Amino acid sequence: MHSGGIFAALSPTTAELAAEMMKEAKAAGAITSFDLNFREKLWKISGGNEHAVEIIGRIVRNVDVLWVTKRTCRKGWASGAGNRGQVELDPGVFFGMIDKVVKKHPQVKVVAATLREVHSTNRHSWSAVAWIDGKTLTAPTVELEVLDRVGGGDGFASGFIYGC
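Residues numbered from 1 in each chain as written. Predicted model: local features only at pLDDT ≥ 70, side-chain atom pairs only at ≥ 80, totals over all residues. Heavy atoms only, no water.

Caption draft 1: Summary view of the overall build of the protein. Scanning the protein from terminus to terminus reveals 7 helices and 7 strands. Along the chain direction, N to C, the helices and strands of the protein fall in the order β-α-α-β-α-α-β-α-α-β-β-β-β-α. A burial count over the protein gives 42% of its 164 residues as buried. In the protein, 59% of the contacts between residues at least 6 apart in sequence involve partners at least 24 apart. (Helix = DSSP H or I, 4+ residues; strand = E, 2+ residues; numbered from the N terminus. Buried < 20%, exposed > 50% of the residue type's maximum accessible area, 1.4 Å probe, protein only. Contact = heavy atoms within 4.5 Å.)

As structure tokens, then:
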């Protein structure tokens with residue numbers, strides 16, 4: 001079972017549905033996956049930041065695999081990790097944040113994130129990190145020619161899940 005923060009933020013009913021789906025899927029023995037991908041503008045429409053913190057907390061309680069982003073770090077979802085002054089491709093920033101997430105949510109078995117440094121609209125350096133049951137992994141950094149960056153994180157998540 002997979003869902004994400006954008007779906008949860010679409011309305012108060014989708015937020016409740018996402019929380020209930022994760023709870024029921026977990027109770028049924030499914031592996032659950034959630035992409036935090038926090039979008040502040042969407043949450044303003046459907047309950048604001050306080051509601052986002054509350055509902056995402058309820059969702060993550062039933063999550064096995066958690067996808068995080070630089071944006072979630074900057075918004076304080078991980079106690080200040082990922083400040084703007086830190087290097088975009090620094091795996092240590094994300095591993096520090098992941099440690100805090102896992103301490104708060106010990107049922108999470110996998111936390112993963114993409115690392116992206118944007119040089120121009122069409123040229124990015126890209127890598128990824130993952131924490132899997134206590135083991136940290138860092139992908140090599142590659143230089144990408146980007147046609148359209150929309151869905152890049154979803155593509156990473158799909159490939160990661162397929163590879164597992």
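Caption draft 2: Local environment of the pattern of salt bridges. All chains considered together, the criterion is met by 4 salt bridges. Glu16 is the salt-bridge partner of Arg58, the closest N and O atoms lying 2.8 Å from each other. In this pair, Arg58 is assigned in helix 4 (residues 48-60) and Glu16 in helix 2 (residues 12-27), connecting sequence segments 42 residues apart. Take Arg58: its relative accessible area is 23%, and that puts it in the partly exposed class. When salt bridges with common partners are traced through the structure, they connect Glu16, Glu54 and Arg58 into a single cluster. (Salt bridge = Lys/Arg side-chain N within 4 Å of Asp/Glu carboxyl O.)

Caption draft 3: View of helix 7 (residues 152-163). Over its 12 residues, helix 7 extends 16 Å from the first C-alpha to the last, a length consistent with the 16 Å expected when each residue adds 1.5 Å. Inspection of helix 7 places Phe156, Ala157 and Phe160 among the buried residues, and these make up the whole buried set. Down the axis of helix 7, the sector holding all buried residues measures 95 degrees, keeping them to one side. At its buried positions, helix 7 is contacted by strand 3 (65-68), strand 4 (110-120) and strand 5 (123-132). (Expected span 1.5 Å × (residues − 1). Arc of directions from axis to C-beta.)

Caption draft 4: Spotlight on the packing of aromatic side chains. For the coordinates displayed, the defined rule picks out 3 aromatic pairs. A centroid spacing of 5.8 Å and a plane angle of 50 degrees characterise the contact between Phe156 and Phe160, whose relative ring orientation is tilted. Of this pair, Phe156 and Phe160 both sit in helix 7, 4 residues apart, which is roughly one turn of the helix. Among the aromatic side chains, those forming a connected cluster through ring pairs are Trp67, Phe156 and Phe160. (Phe/Tyr/Trp six-rings, centres within 6.5 Å; stacked < 30°, edge-to-face > 60°.)

Caption draft 5: Inspection of the environment of Arg116 at higher detail. Take Arg116: it is sitting in strand 4. Note on Arg116: relative accessible area 16%, which makes it buried. Linking Arg116 and Thr69, residues 47 residues apart in sequence, is a C-alpha distance of 9.7 Å.

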